[in-house]
Amino acid sequence: AMELDALAASKGVESLAPLYGLPIPMKGTAAVIDYPSGSGSGVLSGYTPVKNSALTRLIIEKRGLIFGCTNVPEFACSYTTANPASGVTRNIYDVRFTVGGSSGGSASAVANYSCPIAITEDTGGSTRVP
C-alpha cells in the first residue's frame, strides 16, 4: 500500500487505475504466494503456493491489494461453506445458518464490510447460492 501511495504521489492517481488500493480477498482456491490457500482441505491447510494464479497476477498488475484468502468448502465441493481446516463460515445476519456455496467466504467478507468486492466463481452455484 505504501508503494502504491508513493507511486500515486509521483505519477498521479490516474496512473494506478483501475484498482488502486482496492482491498480484494481471493477465493480460498486461488493460488496466492503470500497466503496459505489449501482449497479448504485439512491435508493442504498449510500449503502456500509457489506462484500466483493468473487472476492473482492480474489483480496485482491492476494495482489491487490482495489481503487474504476466503474460506471455502473442501476442494470447493459443497453447498455450505465449511471445511476441516478452517471450520464453518456463518451467516453474519443469523449465525444459526451458514453461508452457502464454495464462494460463501467471499460473500461473507463483502456482507460484513471487510471489503467492497471479493473474488468468486460460479461452477455449480457458488456465487448464486450465498
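What counts as what
- Residues numbered from 1 in each chain as written.
- Predicted model: local features only at pLDDT ≥ 70, side-chain atom pairs only at ≥ 80, totals over all residues.
- Heavy atoms only, no water.
- Helix = DSSP H or I, 4+ residues; strand = E, 2+ residues; numbered from the N terminus.
- Rg over C-alpha atoms; globule rule 2.2 N^0.38 Å.
- Buried < 20%, exposed > 50% of the residue type's maximum accessible area, 1.4 Å probe, protein only.
- Areas by Shrake-Rupley, 256 points an atom, 1.4 Å probe, with all protein chains shown as cover.
- Pairing = 2+ DSSP bridges.
- Right-handed = clockwise from strand over helix to strand, strands pointing away.
- Core = buried A, V, L, I, M, F, W, Y, C linked by side-chain atoms within 4.5 Å.
- Contact = heavy atoms within 4.5 Å.

Explain the overall build of the protein here, please?
Within the protein, the regular secondary structure consists of three helices and four strands. Counting helices and strands in the order they occur from the N terminus, the protein gives α-β-α-β-β-β-α. Taking 130 residues into account, the globule formula puts the C-alpha radius of gyration at 14 Å, and the protein, at 16 Å, falls close to it. In terms of overall dimensions, the protein has a C-alpha envelope of 50 × 35 × 25 Å along the principal axes. Taken over 130 residues, the protein has a buried fraction of 34%. Per element, the accessible surface of the protein, about 7400 Å² overall, is 59% carbon and sulfur.

Is there a simple way to think about the environment of Met 2 in this case?
Of note, Met 2 is situated in helix 1 (residues 2-11). Separated by 13 residues in the primary sequence, Met 2 and Ser 15 have C-alpha atoms spaced 15 Å apart.

Can you help me understand unusual backbone geometry in this one?
Glycine aside, residues mostly have negative phi angles, and peptide bonds mostly take the trans form. Despite not being glycine, Ser 39 has its phi angle at roughly 55°, a positive value. According to the relative accessible area criterion, Ser 39 is buried, its value standing at 16%. One non-glycine residue, Arg 63, adopts positive backbone phi at about 75°. Structurally, the position occupied by Arg 63 is in the loop between helix 2 (54-61) and strand 2 (65-69).

Where do I start with the pairing of strand 2 in this structure?
A regular strand places its side chains so that they alternate between the two faces of the sheet. In this structure, strand 1 (residues 23-26) lies alongside strand 2, joined through three bridges in parallel fashion. Residue pairing across strands places Ile 24 opposite Ile 66, the latter belonging to strand 2. Chirality of the crossover, the property in question, places the unit of strand 1, helix 2 and strand 2 among those that are right-handed.

Could you clarify how one ought to interpret the nonpolar core in this entry?
Grouped together as the largest cluster of nonpolar side chains are seven residues: Ile 24, Met 26, Ala 30, Val 32, Ile 59, Ile 66 and Ile 119. Residues within four places of Met 26 in sequence aside, it is in contact with Val 32, Leu 55, Thr 56, Ile 59, Ile 66, Gly 68, Cys 69, Thr 70 and Ile 119.

Would you mind going over helix 3 (residues 104-111) with me for this structure?
Residues Gly 104, Gly 105, Ser 106, Ser 108 and Ala 109 constitute the buried set of helix 3. Tucked inside the fold, the buried residues of helix 3 contact strand 1. Where helix 3 ends, the next residue or the one after it, Tyr 113, has phi of about 65°, a positive value.

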